[in-house]
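Each chain is listed here by its residues.
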Amino acid sequence: MNRRTILLSTVWAAAVCALPGAAFAAERLPLLMEGKKTLYQRVLSRPGAVLKRDPGDGTGTPQPALTRFYVYGRKAVNGEEWLEVGLTTKGKVDGWLGSGFTLPWKQQMALAFTNPAGRERALLFKEKKDLMAMVEQDQPAAALTALRSAVGGGQGDPRVVSIEPENYIDITKQFYLLPILDAEEAFSAAGHRMRVLQIASITAQGEPEPEKKEPEKANLLRNFNASVVFVVDATVSMGPYIKRIREAVHGIYGRIDKAGLLNQVKFGMVAFRSNVQATPGIEYTSKMYADPSQVKDGADFLAKVADLKEATVSSARFSEDSYAGVMTALETIPWTQFGGRYVVLITDAGALRGNDPLSSTKLDAEQVRLEALHRGVAIYTLHLKTPEGKKNHAEAEAQYTVLSSHPLLSAPLYYPVDAGSVERFGQMVDRLGDAIVEQVGAAYRGEKVAGSAAGVDEAVASPTKDLAKEQGKEQAKEQDRRLREDAALLGHAMQLAYLGRVEGTRPPPLFSAWIADRDLVKPEVATTEVRVLLTKNQLSDMRQVLRSISEAGQAAQLSPASFFAKLQSAAAVLSRDPNAVTSPNAVKLADLGLMGEYLDGLPYRSKVLDIDQQTWSSWSIGQQQAFLDEIERKLRLYQLYHDDTGRWVALDNGADPGETVYPVPLDALP
């Protein structure tokens, strides 16, 4: 089923039908929100809402719950308020809804659950006061455990409306709408900052199907598979490491063949170098050698990567185009065929930054990381800290720490290999491959070891190696321990996501509830994400504004005092509020009205709009350029959103293509 028509798995499968003879006004616009100049009044339909030709009519068309309408008029009939509504802003009115069967939706914000691996499932409370009582407790663990036991045992508790699904639902793959009606900042008893959110939701079926029992889940997981794709630096210095990867994969394939897992685990290989125009002799920027979806077995893998060799000439920079290799893997491989999704980046150099003329992606670590998360892929980095790259080590570590950060883990999936030891590197590849294979093998055998740091099964365990001869024995042991634990937690998370897909897991069937965006026992762990549903028109507007800011900044670098004046000119060209543009009180970018009102009131702080003339003038050329580079990276990310048609969702059943929306994470806003 196309996710454009999915709302809580089924709600939006039914089309909203306009009543015959409904009023039509070609040039009409919806009513504006109070105090706004561009934002129209929006409502969501409650369960039982009926669209009528006229207020008080006896007949009408029932509407799916949480259908979004724009408000064109309001009228009181016999003491009851009625709303004249339409699905789009194009002036077509579809009928009237009783106000009591709607919910106002001021900001198009929606909630998305994070993967519940490594934490307890979040509870959804009927009243804010009941949630706040838990937030403000010094030791909430016992009370929450009792509540979960009551809810899970079928006894229920009047304070709790529902509980987060056991499996993970990826909102970018199976869109569901949990609109946020209210958001407030709160502090736990220990002083941790969090948000409490009021959300609304409903499913077409009402109550959810009972959760599957463990034996049923174990049977489903027998089909769980995984893909491990090595993204390898193939420049002059990498010959010994490429050879060792081949040896490792050959050995792992032998062990998974023995364990009967050849259909469950596939390996792939992407190689990268740098800019071909700058150095033609390096042959390619990035190249797919082995697509895991096309690899049959170990022999087939080795045959596909047999031609992979290190370059014969050096690149123009010490840093290579690592992000090109990762993006080739992310964009080319059909990840939807796999439950477990892993990229292992292997390099002895830093990555070309997005603002480097030689960069082919124009992206930096954060944008590539977000793209990986969108596809459910975890990125490991094995950084070979060779003596030759000593001057580059700190920069590369900073880049790859960001790239390999994952929301489920307290530490990034970044693993340095001291002195670039080929032996130690080989051990780490062996350990990582075996840890991932064990997660798949345990699922195939129906064993519940996912999420723990259990030992490797004999059938797939790598040969024991003597680490006593290595100088960094203790450090190696700690790395191996963390590597195994990370792989276990990620494997568990990917299995929950897999079960969510194959079981068709739905969000909680509730109408209104309060939830905290952080785990109440471990507040450093996020339970939810806030997504802003931006339309194509709004995203286009945001790109245009950021492009104008970038151009004004570049022009003002030689005369910093002109920065704000250039932005005022840009605001005028973009037809922003003339009063805001010329106001003497306009001291920040936000005061110029540059960004649309759709970002007003969101629970985040804009790095871009907080900039004022004084701050810009106080910055060095380097600081100004860093600010402008960040804007360029955002623009590249928005271009990826725009071009990927599969990410867009129609809230109006396709009536207005410009009103399709994308659930943009708050972190991706300017």
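Preceding this section is the structure that the text describes.
Computed from a predicted model, the values in this text were never measured in an experiment. (Residues numbered from 1 in each chain as written. Predicted model: local features only at pLDDT ≥ 70, side-chain atom pairs only at ≥ 80, totals over all residues. Heavy atoms only, no water.)

Once that is clear, we can look at the overall build of the chain. Looking only at helices and strands, one finds 15 helices and 21 strands in the chain. Per-residue burial over the chain gives 56% buried out of 670 residues. For the chain, the proportion of contacts with a sequence separation of at least 24, taken over those separated by at least 6, is 76%. Of the accessible surface of the chain, which amounts to about 28100 Å², a share of 51% is contributed by carbon and sulfur atoms. (Helix = DSSP H or I, 4+ residues; strand = E, 2+ residues; numbered from the N terminus. Buried < 20%, exposed > 50% of the residue type's maximum accessible area, 1.4 Å probe, protein only. Contact = heavy atoms within 4.5 Å. Areas by Shrake-Rupley, 256 points an atom, 1.4 Å probe, with all protein chains shown as cover.)

Most of strand β12 (residues 193-200) sits inside the fold, with six of its eight residues counted as buried. Both strand β11 (residues 180-187) and β12 contribute to a ladder of seven bridges, which runs antiparallel. Bridge pairing links phenylalanine 187 to arginine 193 in β12. Taken together, the five bridges between β12 and strand β19 (residues 512-516) define a ladder with antiparallel strand orientation. (Pairing = 2+ DSSP bridges.)

A few words on the nonpolar core. It is characteristic of soluble globular proteins that their nonpolar side chains tend to be buried jointly. Within the largest apolar cluster, 68 residues are counted, with the highest numbers of intra-cluster contacts made by Met542, Ile549, Leu589 and Leu669. For this core, the secondary-structure elements that each account for two or more residues are β8 (109-113), β12, β19, β20 (528-535), α11 (536-556), α12 (563-573), α15 (621-643) and β21 (661-665). Once residues lying within four places of it in the same chain are set aside, the contact partners of leucine 589 are Ile549, Phe563, Phe564, Leu567, Leu594, Val608, Leu609 and Ile611. In this structure, Phe267, Ala271, Val305 and Ile346 belong to the second largest nonpolar core, which totals 61 residues. (Core = buried A, V, L, I, M, F, W, Y, C linked by side-chain atoms within 4.5 Å.)

On to the environment of alanine 419. Structurally, alanine 419 can be placed in the loop between β18 (414-418) and α9 (422-445). Sequence-wise, alanine 419 and leucine 384 are 35 residues apart; in three dimensions their C-alpha atoms are separated by 7.1 Å. Other than its neighbours up to four places away in sequence, alanine 419 contacts Lys385, Thr386 and Pro387.

Here we take up the sheet that holds β8. One open sheet accounts for three strands, arranged β8-β20-β21; its pairing is antiparallel. Pairing within the sheet leaves two strands with one partner each, and these edge strands are β8 and β21. Across the sheet, the mean angle from the axis of one strand to that of its neighbour is 40°, orientation sign disregarded. Note that β20 and β21 share five bridges and pair antiparallel. Paired with threonine 535 across the strands is valine 661, a residue of β21. (Axes fitted to C-alpha atoms, helices over the stretch in contact; angles between N-to-C directions.)

Two faces make up the sheet, and in a regular strand the side chains alternate between them. Counting buried positions over the five residues of β18 gives four, a clear majority of the element. One crossover worth recording links strand β17 (residues 378-385) to the parallel β18 by way of helix α8 (residues 393-403), and it is right-handed. (Right-handed = clockwise from strand over helix to strand, strands pointing away.)

With that settled, consider the sheet that holds strand β1 (residues 42-45). Taken in spatial order, the five strands of this open sheet run β6-β5-β4-β1-β7, and their pairing is antiparallel. The open sheet has two edge strands, β6 (95-98) and β7 (102-104), and neither has a second partner. Each neighbouring strand pair of the sheet contributes to a mean axis angle of 50°, computed without reference to strand direction. Bridge analysis of strand β4 (residues 68-77) against strand β5 (residues 80-86) gives seven bridges, and the strand direction is antiparallel. Bridging from a neighbouring strand, tyrosine 70 pairs with glycine 86 of β5.

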